[in-house]
Amino acid sequence: MDEAREKTDPAQTELLDGLLERLCGAGRAVQCAALALALPWALLAAPGAAAEPHGAALFAAHCAACHGAGGSGDGPAAAGLDPKPRDLGDCAFANREPDADWLAVVHEGGSARGFSPLMPGFGASLSREDLEVVLAHVRRFCRDSDWPRGELNLPRPLFTEKAFPEDEAVFTTVANAEGDGDVVGEFLFEKRIGPRSQLELAYELRAREEPDGSWLGGGGDLAIGAKHAFHHDFERGRILSAGFEAWLPTGDDERGLGRGSVVLEPYLAWGQLLPRGAFLQVQALAELPTDRDLADELQLRAALGGSFTLRPFGRIISPMLEVIAAWELAGGSTFKLDLAPQVQIPLNRRQHVRLNVGARFPVTRAEERDTRVGVYLLWDWYDGGFLEGW
Ligand code: HEC
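Given the structure is predicted, the values throughout are model-derived calculations rather than measurements.

Moving on, we get to the site of the ligand. The immediate surroundings of the ligand are formed by 24 residues, with C63, C66, F115, S116 and M119 found nearest. Elements represented by at least two residues in the shell around the ligand include exactly helix 5 (64-67), helix 7 (99-108) and helix 8 (128-139). No other element matches the four residues that helix 7 contributes to the shell around the ligand. Of the residues belonging to the shell around the ligand, the class tally is 17 nonpolar, four polar and three charged.

Another aspect to go through is the nonpolar core. Counting 10 residues, the largest nonpolar core is built from L152, L154, A163, F164, A229, I239, Y267, A269, F279 and L285. Listing elements by their share of this core, those giving two or more residues are strand 6 (263-273) and strand 7 (278-289). Discounting residues that sit within four places of it in the chain, A163 has contacts with A229, I239, L240, S241, A269, W270 and G271.

For the protein chain, mean pLDDT is 88; residues scoring 70 or higher make up 87% of the total. The low-confidence segment residues 1-50 (pLDDT under 50) makes 28 contacts with residues lying over four places distant or belonging to another chain.

Once that is clear, we can look at helix 8. Taking 1.5 Å of rise per residue, 12 residues should cover 16 Å, and helix 8 covers 16 Å from first to last C-alpha, within 8% of that figure. Within helix 8 the residues assigned to the buried category are V133, V134, H137 and V138. One side of helix 8 holds all its buried residues, which, seen down the axis, span an arc of 150°.

Tracing the chain through its elements places V353 in strand 12 (residues 353-362). Residue V353 is classed as buried on the basis of its C-beta count, with 23 C-beta atoms lying within 10 Å. The spatial distance from the C-alpha of V353 to the C-alpha of L377 is 7.2 Å, given a sequence separation of 24 residues. Residues in contact with V353, not counting those within four places in the same chain, are L347, N348, W379 and F386.

Looking now at the pairing of strand 13 (residues 372-379). If a strand is regular, its side chains alternate between the two faces of the sheet. Side-chain alternation along strand 13 places R372, G374, Y376 and L378 on a buried face and V373, V375, L377 and W379 on a face that remains uncovered. Here eight bridges tie strand 1 (residues 168-176) to strand 13, and the two strands are oriented antiparallel to one another. Following the sheet pairing, T173 is matched in strand 13 by V375. In terms of strand pairing, strand 12 meets strand 13 through eight bridges, oriented antiparallel. Each bridged residue has a counterpart across the sheet, and for A359 the counterpart in strand 13 is V373.

Okay, the pairing of strand 7 next. Bridge analysis of strand 6 against strand 7 gives nine bridges, and the strand direction is antiparallel. Looking at strand 7, one finds that V263 is bridged to P289. Hairpin connection, strand 6 to strand 7: the antiparallel pair is bridged by four residues, and R276 has positive phi, about 60°. With 10 bridges connecting them, strand 7 and strand 8 (residues 296-306) associate as antiparallel partners. By the bridge assignment for strand 8, L285 is matched with Q299. Taking the residues that link successive antiparallel strands as the turn, the strand 7-strand 8 hairpin has six residues.

This paragraph deals with unusual backbone geometry. In the segment running from D82 into P83, the intervening peptide bond is cis, with an omega of 0°. Backbone geometry places F313, a non-glycine residue, at a positive phi of 65°. Position of F313 among the secondary structure elements: in the loop between strand 9 (308-309) and strand 10 (316-329). We note that R365 has phi near 45°; this positive angle belongs to a residue other than glycine. Following the sequence through the fold, R365 ends up in the loop between strand 12 and strand 13.

Procedures and definitions
Residues numbered from 1 in each chain as written. Predicted model: local features only at pLDDT ≥ 70, side-chain atom pairs only at ≥ 80, totals over all residues. Near = placed C-beta within 6 Å. Helix = DSSP H or I, 4+ residues; strand = E, 2+ residues; numbered from the N terminus. Nonpolar A, V, L, I, M, F, W, Y, C, P; charged D, E, K, R; others polar. Core = buried A, V, L, I, M, F, W, Y, C linked by C-beta atoms within 7 Å. Buried ≥ 20, exposed ≤ 12 C-beta atoms within 10 Å, placed from the backbone. Contact = placed C-beta atoms within 7 Å. pLDDT = per-residue confidence, 0-100. Expected span 1.5 Å × (residues − 1). Arc of directions from axis to C-beta. Pairing = 2+ DSSP bridges.

What follows is the structure in structure tokens.
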């Protein structure tokens, strides 16, 4: 009960104590006993409501000197800090940071995630429970729930499109591991617009081996795209988006460097958190070439994975398995199924530069397609420069 009391609004405790004194002091034994029995429950009943004043008090005592009473980074001690703390009430910044990362920073100090060591670690002075309570208070500074929470920003698979709107630059290379040489590189730039939308630009570089063994390469196709998260629910751990990409035939298709047609790709994407750090990402898309000689294709891509750390507050490693099913809709539909195991690892402490390495194995009609290897290097540029946070 003492623990429950600590987290309770002092005003509420005072009120209950006053009641207790009056009823018990006035010799109303039954009411006094009933109230005494009810008291612990009253204090425990609304942990959320009770936690807030406690979180506010902890924040005022331990954090406000630098972060300011309202979290906007203007505390009296902030003047001497470089960099200064960011505005914790700025939803564009705050909501994309998952609790796990903030807990790591608050427990271990800024350097645990490649931030300023002037952000002290409180792991030795405050309990983990207190840190969670103070972070719950910090979460209240952002008042616009339109910004999806960073927990819904799941690790990017090699082939399945994410549902979360991103500020990222990604360079992906997919190459044949057998058969004739064939390499496709893709530069992708993604820019978030407002809380839930994103624009993107992609450009391919291609190289392939000719029958005589020589190599031929050059610039490929260019794509523009957009995405909008039309639903997100942190409590249920899910986010749903709709988007499209339009590939423009800038690559020379006669030399095998492009698609040879505008290709429209509308899609739906779903991200779902599962228990114990597991997650599922699903994308349903159509590939619709405007050149009617080329076949339309429907695809269903899914990535099942999990995130774990090797030590508390350490880097987050995410193995995933993608399943890619494709139906080509020409002259009787043909069905292709591929599996792509892979693992994503952060390269730096801030974890905003990441690598994913995997392979894509054809399962059906394997004789028509080669096993491919895939690698990407990802830079979440909103979180800092490429060379920051190592
Ligand atoms: C001595 C000053 C100081 C105190 C005290 C302090 N902080 Fe910080 N905090 C900082 C600075 C400076 C940064 C910015 C680090 C950077 O951007 O490199 C920061 C950053 C943060 C961040 C953002 C990390 C991110 O993802 O960018 C959070 C969250 C945070 N502090 C929470 C807290 C909480 C909660 C407390 C109290 C328990 C606290 N801080 C106490 C100075 C302080």
